[in-house]
Amino acid sequence: VMGVDDVQQLVDEGRDHYRRGEFEAALRCFESAHAAAQAAGKDAQAAEAANDLGVVCIVLQRWESAEEWLNKAQRIFTALQDLDGEAQTLGNIGSMYRARGNLRDAAVYFQLAADRFRLVGGDTRRSSTLRSLGMVRLRQFRPFLALVAFEAACACQPNPNLIQRALRNLLALPLRLLQR
């Protein structure tokens, strides 16, 4: 039986393959990590590997597998009450729907992910998720909702630089005018 370190080594190896664009090799590592984590009763690691498998399947456009793995990860993270893992997985489900052209569901999942990141204090990841939501809203021809998402993304950015602060002020102006 593999230990926690072995499972983590497989996950790390899978991520290295992913970064190098070796998606089939990444898939094999994450599948092994998931199976080993499940066999060892390590639910958190099994969920992490399932989430990674979903991401690789998105890149490979294996939509059914992506949905299966991400839903599995989501169920485990929810059962563990792991809001951070849940937020990451919800964002990945949003990315899957966006890649498939399902903008309605993408927006729902990006919003859910952003809400979870707010609860765990993941400001940088929340900001990134809200930017993704804003881009989806633009593709839906919903400029006001895009503006709201982009402004929220800027507002939660920790330690914004000069350009980010200027952008936030620029985005806040039309919102103030529209709310009158």
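For the structure itself, consult the block above.
Scoring rules and cut-offs
Position numbers for residues start from 1 in each chain and track the written sequence from start to end. For this predicted model, a pLDDT threshold of at least 70 governs which residues receive local features, and a threshold of 80 or more governs which side-chain atom pairs are given and counted, while totals over whole chains, interfaces and linings are taken from all residues. Working from all heavy atoms in the structure, the side-chain values ignore hydrogens and water. Any carboxyl oxygen of Asp or Glu within 4 Å of a side-chain nitrogen of Lys or Arg constitutes a salt bridge here. Numbered from the N terminus, helices here are DSSP runs of H or I no shorter than four residues, and strands are runs of E no shorter than two. Buried residues are those whose accessible area, probed at 1.4 Å on protein chains only, stays under 20% of the maximum for their type, while exposed residues exceed 50% and partly exposed ones sit between those limits. Only heavy atoms enter the contact rule, under which two residues are in contact if any of them lie within 4.5 Å.

Caption draft 1: Highlighting the pattern of salt bridges. Applying the stated rule across the entire model yields nine salt bridges. Ionic pairing is found between D52 and R15, a salt bridge with its closest N-O pair at 3.0 Å. One end of the pair, D52, is in helix α3 (residues 43-59); the other, R15, is in helix α1 (residues 4-19), and 37 residues separate them in sequence. On the accessibility criterion, D52 (11% relative accessible area) is buried.

Caption draft 2: Broad picture of the environment of A50. Counting through the fold element by element, A50 comes out in helix α3. The spatial distance from the C-alpha of A50 to the C-alpha of R137 is 28 Å, given a sequence separation of 87 residues. Sequence-distant contacts of A50, defined by excluding residues within four places in its chain, comprise H34, W69, L70, K72 and A73.

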